[in-house]
Amino acid sequence: MHTYNKNTPIVVLTGAGISAESGLATFRDNDGLWENHRMEDVATPEAYARDPEMVHRFYNHRRQQLTEVQPNSAHVCLAKYMNNLPNSWLITQNVDDLHQRAGSERLLHMHGSLTLQRCTACDQVGAVAADLRTDSLCETCQSVGSVRPHIVWFGEMPLYMEQIYQLLEQCELFLSIGTSGAVYPAAGFAQIAAAAGAHTVELNLVPSDVSFAFAESHYGKATEIVPAYFKKLVAFTD
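What counts and how
Residues numbered from 1 in each chain as written. Predicted model: local features only at pLDDT ≥ 70, side-chain atom pairs only at ≥ 80, totals over all residues. Heavy atoms only, no water. Salt bridge = Lys/Arg side-chain N within 4 Å of Asp/Glu carboxyl O. Buried < 20%, exposed > 50% of the residue type's maximum accessible area, 1.4 Å probe, protein only. Helix = DSSP H or I, 4+ residues; strand = E, 2+ residues; numbered from the N terminus. Pairing = 2+ DSSP bridges. Phe/Tyr/Trp six-rings, centres within 6.5 Å; stacked < 30°, edge-to-face > 60°. Lys NZ or Arg CZ within 6 Å of the ring centre and 35° of its normal. Polar contact = N/O pair within 3.5 Å; in protein donor to acceptor, adjacent residues only side chain to side chain. Contact = heavy atoms within 4.5 Å. 1 Å grid on protein atoms, 1.4 Å probe; cavity = no way out; pocket = protein on both sides within 12 Å on 5 of 7 lines; lining within 4 Å. Points joined across faces, edges and corners; volume = space filled by probe spheres on them. Nonpolar A, V, L, I, M, F, W, Y, C, P; charged D, E, K, R; others polar. Expected span 1.5 Å × (residues − 1).

**Re the pattern of salt bridges**
Right, on to step 1. This structure, assessed with the given rule, holds five salt bridges.
Right, on to step 2. When the shortest N-O distance is used, the salt bridge between Arg 118 and Asp 123 registers 3.5 Å.
Right, on to step 3. Arg 118 sits in the buried class, given a relative accessible area of 18%.

**What about the pairing of strand β6 (residues 147-151)?**
Here is the key point about a regular strand: its side chains alternate between the two faces of the sheet.
Right, on to step 1. With five of its five residues buried, β6 lies for the most part within the structure.
Right, on to step 2. Sheet topology places strand β4 (residues 112-119) next to β6; four bridges connect them, and they run antiparallel. What sits directly across from Gly 112, in β6, is Ile 151.

**A look at the packing of aromatic side chains**
Right, on to step 1. As enumerated under the stated definition, the model contains seven aromatic pairs in all.
Right, on to step 2. Ring centres 4.9 Å apart and planes at 90° place the aromatic pair Phe 58 and Tyr 59 in the edge-to-face group. Tyr 59 carries the same exposure label as Phe 58, and that label is buried.
Right, on to step 3. For the pair Tyr 165 and Phe 189, a centre-to-centre distance of 6.3 Å together with 80° between the ring planes defines the contact as edge-to-face. Here the residue Tyr 165 occupies a position in helix α8 (residues 161-170), and Phe 189 occupies one in helix α9 (residues 189-195), the gap between them amounting to 24 residues.
Right, on to step 4. Overall, the relative accessible area of 31% leaves Tyr 165 in the partly exposed class.
Right, on to step 5. In textbook terms, an aromatic cluster arises when at least three aromatic residues are bridged by ring pairs, as seen for Tyr 48, Phe 58, Tyr 59 and Trp 153.
Right, on to step 6. One Lys or Arg, Arg 148, reaches over the ring of Trp 153 and ends 3.7 Å from the middle of that ring.

**A word on the side chain of Asn 204**
Right, on to step 1. When you line up the elements, Asn 204 lands in strand β8 (residues 199-204).
Right, on to step 2. At 2.8 Å, the side chain of Asn 204 forms a polar contact with the backbone oxygen of Val 206.
Right, on to step 3. Sequence-distant contacts of Asn 204, defined by excluding residues within four places in its chain, comprise Gly 178, Thr 179, His 218, Tyr 219, Gly 220 and Ile 225.

**Quick look at the environment of Lys 221**
Right, on to step 1. In this structure, Lys 221 sits in the loop between β9 (216-219) and α10 (222-237).
Right, on to step 2. Of the residues examined, Lys 221 reaches a relative accessible area of 46% and is grouped as partly exposed.
Right, on to step 3. Sequence separation between Lys 221 and Leu 98 is 123 residues; the distance between their C-alpha atoms is 17 Å.
Right, on to step 4. Excluding residues that lie within four positions of it along the chain, Lys 221 makes contacts with Glu 21 and Leu 205.

**Notes on empty space enclosed by the protein**
Regions of empty space are outlined by a rolling probe, equal in size to a water molecule, passed over the atoms.
Right, on to step 1. Across all of its chains, the model carries one cavity of 30 Å³ or more by this definition.
Right, on to step 2. Reported here for the largest cavity is a volume of approximately 50 Å³.
Right, on to step 3. Taken together, Leu 78, Met 82, Asn 83, Ser 88, Trp 89, Leu 90, Ser 104, Glu 105 and Arg 106 make up the full set of residues lining the largest cavity.
Right, on to step 4. Listing elements by their share of the lining of the largest cavity, those giving two or more residues are α6 (73-82) and β2 (88-92).
Right, on to step 5. Residue contributions to the lining of the largest cavity peak at three residues, all from β2.
Right, on to step 6. In the lining of the largest cavity, the residues fall into four nonpolar, three polar and two charged.

**Notes on unusual backbone geometry**
Right, on to step 1. Between Tyr 184 and the following residue, Pro 185, the backbone shows a cis peptide bond with an omega angle of 10°.
Right, on to step 2. Not every positive phi belongs to a glycine, and Asp 123 is a case in point at roughly 70°.
Right, on to step 3. Phi is positive for Tyr 160, close to 65°, though the residue is something other than glycine.
Right, on to step 4. With respect to the helices and strands, Tyr 160 occurs in the loop between β6 and α8.

**Comments concerning helix α5 (residues 52-65)**
Right, on to step 1. With 14 residues, α5 should cover 20 Å at 1.5 Å per step; its first-to-last C-alpha distance of 20 Å lies within 8% of that length.
Right, on to step 2. The inward-facing, buried residues of α5 contact α3 (39-42), α4 (45-50), β4 and β6.

So, in structure tokens, the structure goes:
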């Protein structure tokens, strides 16, 4: 274990694997189908333009599922420890709200959030108050039918990328938790951090597609290996 102090810049990336243990399906479940839907049918701008009603139904259903799950011990661990490490940041590829509900404070949703909506007419982002529909009204600009899920679909630019790259280049420790390593740009974060001098650690159920990019690896359930790793880490930062 490298030696760190409480002010060490730390970046943690989480993916679908951490929420899978709370009962949320991952994109790569069921032979690549996302809850029995092809990615091309529900997660692209073209799909939304072609059949917005179906896309809204899909995300409304996924949003409703959030009421059926709770943050697990890995989510809670990250909030507990990282909130007390002032230069740590949590970046998630997940669109669920489990990190927020666990209490994480410095959190960047690079792929958007199920609990947010965005108006394509005025670009206003706000909380989803009810199921989104093709005739939903934007309260800001009063446009009808312009409100979509605030989700980064395939072919769109992830959010906060300038800030994320700055954090990766400044961090001394980079951890990747529950990611497949198959989706870029997140799959390249470990190499960027390593090139800037950071120690890189993979905490995953199995080796990811980019496991070669990590200097240290631990495999098992996130609910077990994340708390175990952070207990050791905090011993070095006290």
